[in-house]
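Residue strings, one per chain:
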Amino acid sequence: MTRAYVLIDRESWRPFFNLVFFCGVALVLSIPGARVVRDLASASFLSRSPTFFYAYALFMGLLGLGLGATSAERGEHGARMLFWLASRVLLGQLFCLPYLVFSRALFPGREGALALIFLFTTLVSLLCAVLSRLVEQPLRWGSSTGFVAKYVFFLCYNAIPLVGTPLFSPLGAVRLLLEGVTPLQALLAFAVPAALLAGLSSLAVRLGSEARV
């Protein structure tokens, strides 16, 4: 029986807690020392650590993996499943909004880049959620196989492009977006997760329709 549709309950709070906790820790670690803060206006970009944005991108992706598993447990299917996944990803972003507002003080004049990073991490998190939902599909993967597969993909997606094309890695993309990229580079950064999300979402909806038959 399909469980009731809710954004978050006592059984699904942990991915949100991890997101808020670890992003908070990363933001604290990103705050410059007192001597740098005193002269922040003239401080170089490299003196402001992007640690928070690395953690933000990483844990938004992990949030998506957790949300996909929760969706599979609830038996959510089709377009409705995509709606609830997107709503939960946006809820995670809402929890991180105070961190993003504070980060403006560390990177003044980068408001446009922060908006792009917000949109990019939303897209990546939703991609990870749909992927996780697919590999957790009942009767298609063993539970251990699905668990390993989605985390292997996540690790490869974040790490492998850093060697040659960092723009195609979520970690590399947020760093480059923060530093400043051309419109074409920004488009390429969004194109990879957008294309993957479109393909996986179509597959998820089709499989969900078959499961209902």
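Our subject is the structure listed above.
Residues numbered from 1 in each chain as written. Predicted model: local features only at pLDDT ≥ 70, side-chain atom pairs only at ≥ 80, totals over all residues. Heavy atoms only, no water.

Enquirer: Explanation requested: the overall build of the chain in the structure shown.
Expert: Each helix and strand counted, the chain has 9 helices and 0 strands in total. Of the regular secondary structure in the chain, the N- to C-terminal order runs α-α-α-α-α-α-α-α-α. Going through the 213 residues of the chain one by one, you find that 46% of them count as buried. Relative to all contacts within the chain whose residues are 6 or more apart in sequence, the contacts with residues 24 or more apart total 79%. On the chain, roughly 10,800 Å² of surface is accessible, and the fraction owed to carbon and sulfur atoms is 70%. (Helix = DSSP H or I, 4+ residues; strand = E, 2+ residues; numbered from the N terminus. Buried < 20%, exposed > 50% of the residue type's maximum accessible area, 1.4 Å probe, protein only. Contact = heavy atoms within 4.5 Å. Areas by Shrake-Rupley, 256 points an atom, 1.4 Å probe, with all protein chains shown as cover.)

Enquirer: Would you mind showing me how to read the pattern of salt bridges here?
Expert: Opposite charge on two side chains lets them pair, provided their charged atoms get close. Following the criterion strictly, the structure yields 3 salt bridges and no others. With its nearest N and O atoms 2.8 Å apart, the salt bridge here joins Arg-88 to Glu-76. You can see Arg-88 sitting in helix H4 (residues 78-106) and its partner Glu-76 sitting in the loop between helix H3 (51-74) and H4, a full 12 residues away along the chain. The exposure classification of Arg-88 matches that of Glu-76, with both residues buried. We note a salt bridge from Arg-104 to Glu-111, for which the minimum N-O separation is 3.3 Å. Classification of Glu-111 as partly exposed rests on a relative accessible area of 36%. (Salt bridge = Lys/Arg side-chain N within 4 Å of Asp/Glu carboxyl O.)

Enquirer: Explanation requested: the packing of aromatic side chains in the structure shown.
Expert: The geometry of an aromatic ring pair comes down to the distance between the two centres and the angle between the two planes. On inspection of all chains with the given rule, the structure shows 11 aromatic pairs. Here the aromatic rings of Phe-21 and Phe-22 are separated by 5.1 Å at their centres, their planes lie at 85°, and the arrangement is edge-to-face. For Phe-21, a relative accessible area of 42% translates into the label partly exposed. Here Phe-22 falls in the partly exposed class, since its relative accessible area comes to 36%. Between Phe-52 and Phe-53, the aromatic rings sit 5.0 Å apart at their centres with planes inclined by 70°, giving edge-to-face as the arrangement. Connected via pairs of aromatic rings, a cluster forms that spans Phe-52, Phe-53, Tyr-56, Tyr-99 and Phe-107. (Phe/Tyr/Trp six-rings, centres within 6.5 Å; stacked < 30°, edge-to-face > 60°.)

Enquirer: Can you walk me through helix H1 (residues 14-30) in this structure?
Expert: Taking 1.5 Å of rise per residue, 17 residues should cover 24 Å, and H1 covers 24 Å from first to last C-alpha, within 8% of that figure. Taken together, the buried positions of H1 are occupied by Pro-15, Phe-16, Leu-19, Cys-23, Gly-24, Ala-26, Leu-27 and Ser-30. Down the axis, H1 shows its buried residues gathered within 165° of arc, on one side only. Exposed and oriented more than 90 degrees from the buried face of H1 are Arg-14, Val-28 and Leu-29. (Expected span 1.5 Å × (residues − 1). Arc of directions from axis to C-beta.)

Enquirer: Where do I start with the nonpolar core in this structure?
Expert: Proteins that are soluble and globular tend to have nonpolar side chains buried together. By size, the foremost hydrophobic cluster in this structure holds 52 residues, and its most contacted members are Cys-23, Phe-52, Tyr-56, Phe-120 and Val-130. Residue assignment for this core shows that the elements contributing at least two residues are H1, H3, H4, helix H5 (111-135), helix H6 (143-159), helix H8 (170-179) and helix H9 (183-212). Broken down by element, the residue count for this core peaks at 13 residues, all from H5. Contact partners of Phe-120, with chain neighbours within four places excluded, come to Pro-170, Ala-173, Val-174, Leu-177, Ala-189, Phe-190 and Pro-193. (Core = buried A, V, L, I, M, F, W, Y, C linked by side-chain atoms within 4.5 Å.)

Enquirer: In this structure, what is going on with the packing of H1 against H3? I would like to understand it.
Expert: Working note: a packed helix pair is described by the angle between its axes plus the distance between those axes. In contact at an axis separation of 8 Å, H1 and H3 are set at 175° when each is read in the N-to-C sense. Taken together, the axes of H1 and H3 lie roughly antiparallel to each other. Note on element contacts: H3 touches H1 through Thr-51, Phe-52, Ala-55, Tyr-56, Phe-59, Met-60, Leu-63, Gly-66 and Leu-67, opposite Pro-15, Phe-16, Asn-18, Leu-19, Phe-22, Cys-23, Ala-26, Leu-27 and Ser-30. Residue composition of the contact of H1 with H3, grouped by class: 14 nonpolar, 4 polar and no charged. (Axes fitted to C-alpha atoms, helices over the stretch in contact; angles between N-to-C directions. Parallel < 35°, antiparallel > 145°, perpendicular 65-115°, else oblique. Nonpolar A, V, L, I, M, F, W, Y, C, P; charged D, E, K, R; others polar.)

Enquirer: I'm lost on the state of the cysteines in this one. Help?
Expert: Each disulfide consists of one covalent bond between the sulfur atoms belonging to two cysteines. Here the structure, examined in full by the defined rule, presents 0 disulfides. For the unlinked cysteine Cys-96, the closest cysteine sulfur is that of Cys-23, found at 4.3 Å. Residue Cys-96 is classed as buried on the basis of its relative accessible area, which comes to 0%. (Disulfide = S-S within 2.5 Å.)

Enquirer: I keep staring at the environment of Ala-79 and nothing clicks. Help me out?
Expert: As for its placement among the helices and strands, Ala-79 is situated in helix H4. Given the relative accessible area of 55%, Ala-79 is considered exposed. Expressed as a C-alpha distance, the spacing of Ala-79 and Ser-202, which sit 123 residues apart in the sequence, is 9.3 Å.

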